[in-house]
Amino acid sequence: MKLPKVSMDVDKVIDGKGLLYLLELDVDDRRVQKIGITRRSIEDRVCEITSSYFKTRRYFPYVRPKRFREVDEVFKKEAMLLEFFKSYRYEVKQKFSGFSELVDVDNIDFIVKVYEEVV
């Protein structure tokens, strides 16, 4: 049985409504930002991230939602933000749920402004 090829090409993913969020959190003794999407509530997603973080480090990190809104074309909008901030990408020392969409932007107002423009 041949399995279908998994594609990360945003244009090939069926897009729709979802929650586009921007979190500020402490990882590896740094305050970084997480850009992400979910179809669940922000509370559920933050609990999933902090629980995963706890399992590898045995403590819960500081987390603060900066923005979260239900939007159309959620995959495309997340991809736009991640592309815009790709030079700010942050690599974690230990992986956890959601670790791949982290950026390290010194000016939180700047990333919030870009988020608002995309939304």
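All figures in this text were calculated on a predicted structure; none of them were measured in a lab.

**Student:** Help me understand the overall build of the chain, please; the structure alone is not making it clear to me.
**Tutor:** Helix and strand counts for the chain stand at three helices and four strands. The secondary structure elements of the chain, listed N-terminal to C-terminal, are β-β-α-β-α-β-α. Across the 119 residues of the chain, 39% fall into the buried class. Considering only residue pairs separated by 6 or more positions, the chain has 67% of its internal contacts joining residues 24 or more positions apart. Accessible surface, the chain: about 7700 Å² in total, of which carbon and sulfur atoms supply 52%.

**Student:** In this structure, what is going on with helix 3 (residues 108-118)? I would like to understand it.
**Tutor:** Where helix 3 is concerned, the buried positions are Ile108, Ile111, Val112, Val114, Tyr115 and Val118. Down the axis, helix 3 shows its buried residues gathered within 160° of arc, on one side only. Facing away from the buried side of helix 3, by more than 90 degrees, are the exposed residues Asp109, Lys113 and Glu117. Packing partners of the buried residues in helix 3 comprise strand 1 (18-27), strand 2 (30-38), strand 3 (63-71), helix 2 (74-84) and strand 4 (102-103). Measuring from the backbone nitrogen of aspartate 109 back to the side-chain oxygen at the start of helix 3 gives 3.0 Å, which picks out asparagine 107 as the cap.

**Student:** Would you mind showing me how to read the packing of aromatic side chains here?
**Tutor:** What characterises a pair of aromatic rings is the spacing of the ring centres plus the angle enclosed by the ring planes. Under the criterion given, the structure shown has seven aromatic pairs. Ring geometry for tyrosine 53 and tyrosine 59: centres 5.6 Å apart, planes at 80°, overall edge-to-face. By way of ring pairs, the aromatic residues Phe84, Phe85, Tyr88 and Phe110 are connected into one cluster. For arginine 31, the ring lying beneath its charged end belongs to tyrosine 62, and the centroid distance is 3.9 Å. Lying over the aromatic face of tyrosine 53, arginine 57 brings its terminal NZ or CZ to 4.0 Å of the ring centre.

**Student:** What exactly am I supposed to notice about a nonpolar patch on the surface here?
**Tutor:** A surface patch of nonpolar side chains, about 270 Å² in accessible area, is lined by Phe84, Tyr88 and Phe110. Residue placement: phenylalanine 110 occurs in helix 3. Among the residues examined, phenylalanine 110 registers a relative accessible area of 31% and is labelled partly exposed.

**Student:** Please clarify how unusual backbone geometry should be interpreted in this entry.
**Tutor:** Phi is mostly negative for residues that are not glycine, and the peptide bonds are mostly trans. One non-glycine residue, arginine 58, lies in positive phi territory at about 70°. Secondary-structure assignment places arginine 58 in the loop between helix 1 (42-57) and strand 3. A relative accessible area of 59% places arginine 58 in the exposed class. For glutamate 73, which is not glycine, the phi torsion reads 50° and is therefore positive. With respect to the helices and strands, the residue glutamate 73 is situated in the loop between strand 3 and helix 2.

Calculation rules
Per chain, residues are indexed from 1 in the order of the written sequence. Restriction of local features to residues with pLDDT of at least 70 applies here, the model being predicted, together with a cutoff of 80 or more for giving and counting side-chain atom pairs; totals for whole chains, interfaces and linings are based on all residues. Calculation of side-chain values draws on the structure's entire complement of heavy atoms; hydrogens and water are dropped beforehand. For helices the rule is a DSSP run of H or I covering at least 4 residues; for strands it is a run of E covering at least 2, with both sets numbered from the N terminus onward. For each residue, the accessible area found with a 1.4 Å probe, counting protein chains only, is set against the maximum for its type, and the residue is called buried under 20%, exposed over 50%, and partly exposed in between. A contact between two residues is defined here by any heavy atoms of the two lying within 4.5 Å. With residues, only the protein chains shown are counted as cover, and all accessible areas are computed by Shrake-Rupley using a 1.4 Å probe. The arc under discussion is defined with respect to the helix axis, by the directions toward the C-beta atoms. Whenever two N or O atoms come within 3.5 Å, that pair is a polar contact, provided that in protein one can donate a hydrogen and the other can accept it, and provided that, for residues adjacent in sequence, both atoms are side-chain atoms. Each aromatic pair joins two rings of Phe, Tyr and Trp (for Trp, the six-membered one) with centres within 6.5 Å, and gets the label stacked for planes under 30 degrees apart, edge-to-face for over 60, and tilted for any other angle. Charge-over-ring contacts are defined here by two conditions on Lys NZ or Arg CZ: a distance within 6 Å of the ring centre and an angle within 35 degrees of the ring normal. Surface patches are drawn from residues lacking salt bridges whose relative accessible area is over 30%; two like charges belong together within 9 Å, two nonpolar side chains (Val, Leu, Ile, Met, Phe, Trp, Tyr) within 5 Å. We define a salt bridge as a side-chain nitrogen of Lys or Arg found within 4 Å of a carboxyl oxygen belonging to Asp or Glu.

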